[in-house]
Amino acid sequence: MALATRTARSPSLIGFLWRSTVGKKAVMAATGLIMLGYLVAHMIGNLKIFFGPGEFDSYAHWLRTIGEPVLHYEWFLWILRVVLVAAVVLHGVAAYQLSRRDLAARPDKYRRTRARTSYATRTMRWGGVILLLFLIWHLLDLTTLDANPNAQHGHPYANIVASFDRWYVALFYIVAMLALGLHIRHGFWSAAQTLGANSPRRDRALKATANGLAALLTLGFVAVPIGVLTGIVR
């Protein structure tokens, strides 16, 4: 018995938090904020395309030289990609596991009374699936260029134009950005509740911030394919 007591290991704090519902919600909130920060910066960079190929291509080159000479060429981008992949994976796994727990703990007699909340839940679930599929396509289209037959390495401005010249790609992008807006709107509010930032006095401001961020990011991202389709960006 004494030997068993000595060899038994108590769960680590990280493991305990990850297994708890509160911990998973905190992980979702933290990773969501990381991705939100990236999206804001990414949108601002994307809008540089309206200033012409010289401005946009210079910006794309600058991204690859951040941190030099301490970091080598593109090291910052790879560090950022690793952080984002980790955030996406943790966010998705936590969301899936919380969804399974919610379904397992829901008694049949409460199914009707929770119908109102199910709409937001379904929106987040299907929005997450759409965004995951879009992310895979987006990487193949504008990062590896495997899904963009007219793309050329080293010409980011021309590659974006070549991509969105295909109406079905532009349409898929717009649909994905609408899903992103809904995801941000609900996710920001959920993160505020999880992190304890909400209160009766701050609820209105937080909801307005969630709506504003969702609208701003959606319009900012959608502006690029619309600009290409309408000939503003050429």
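What comes next is a walk through the structure.

On inspection of all chains with the given rule, the structure shows 7 aromatic pairs. Seen in terms of ring centroids, Phe134 and Phe172 are 6.0 Å apart; in terms of plane orientation they differ by 70°. Their pairing is edge-to-face. Taken together, the positions of Phe134 in helix 6 (residues 115–142) and Phe172 in helix 8 (residues 167–194) put the pair 38 residues apart, joining distant regions of the chain. For Phe134, a relative accessible area of 9% puts it in the buried group. The exposure class assigned to Phe172 is partly exposed, which follows from its relative accessible area of 28%. Among the aromatic residues, those joined into a cluster by ring pairs are Phe56, Tyr59, Trp62 and Tyr157.

Our next topic: helix 4 (residues 53–65). The end-to-end C-alpha separation of helix 4 is 18 Å, in line with the 18 Å expected for 13 residues at 1.5 Å each. Every buried residue of helix 4 is accounted for by Phe56, Tyr59, Ala60 and Thr65. Lining the buried residues of helix 4 we find helix 3 (21–46) and helix 7 (156–164). Immediately downstream of helix 4, the backbone of Gly67 shows phi near 95°, a positive value.

Turning to the side chain of Thr218, a few remarks are in order. For Thr218, the position within the fold is in helix 9 (residues 203–229). Of note is the side chain of Thr218, whose polar atom sits 2.7 Å from the backbone oxygen of Ala214.

Moving on, we come to the nonpolar core. Core analysis: the largest hydrophobic core is formed by 32 residues, its most contacted members being Ile49, Phe164, Met177, Leu180, Ile184, Leu217 and Phe221. Breaking this core down by element, the ones donating at least two residues are helix 3, helix 6, helix 7, helix 8 and helix 9. Element by element, the count of residues in this core is highest for helix 8, at 11 residues.

Moving on, we come to unusual backbone geometry. Geometrically, the link from Glu68 to Pro69 is a cis peptide bond, its omega value of 5° lying close to zero. By secondary structure assignment, the location of Pro69 is in the loop between helix 4 and helix 5 (75–105). A positive phi is found at Leu145, a non-glycine position, where the angle reads about 70°. With respect to the helices and strands, Leu145 occurs in the loop between helix 6 and helix 7. The buried category is assigned to Leu145, whose relative accessible area is 11%.

Quick notes on the rules
- Residues numbered from 1 in each chain as written.
- Predicted model: local features only at pLDDT ≥ 70, side-chain atom pairs only at ≥ 80, totals over all residues.
- Heavy atoms only, no water.
- Phe/Tyr/Trp six-rings, centres within 6.5 Å; stacked < 30°, edge-to-face > 60°.
- Helix = DSSP H or I, 4+ residues; strand = E, 2+ residues; numbered from the N terminus.
- Buried < 20%, exposed > 50% of the residue type's maximum accessible area, 1.4 Å probe, protein only.
- Expected span 1.5 Å × (residues − 1).
- Contact = heavy atoms within 4.5 Å.
- Polar contact = N/O pair within 3.5 Å; in protein donor to acceptor, adjacent residues only side chain to side chain.
- Core = buried A, V, L, I, M, F, W, Y, C linked by side-chain atoms within 4.5 Å.

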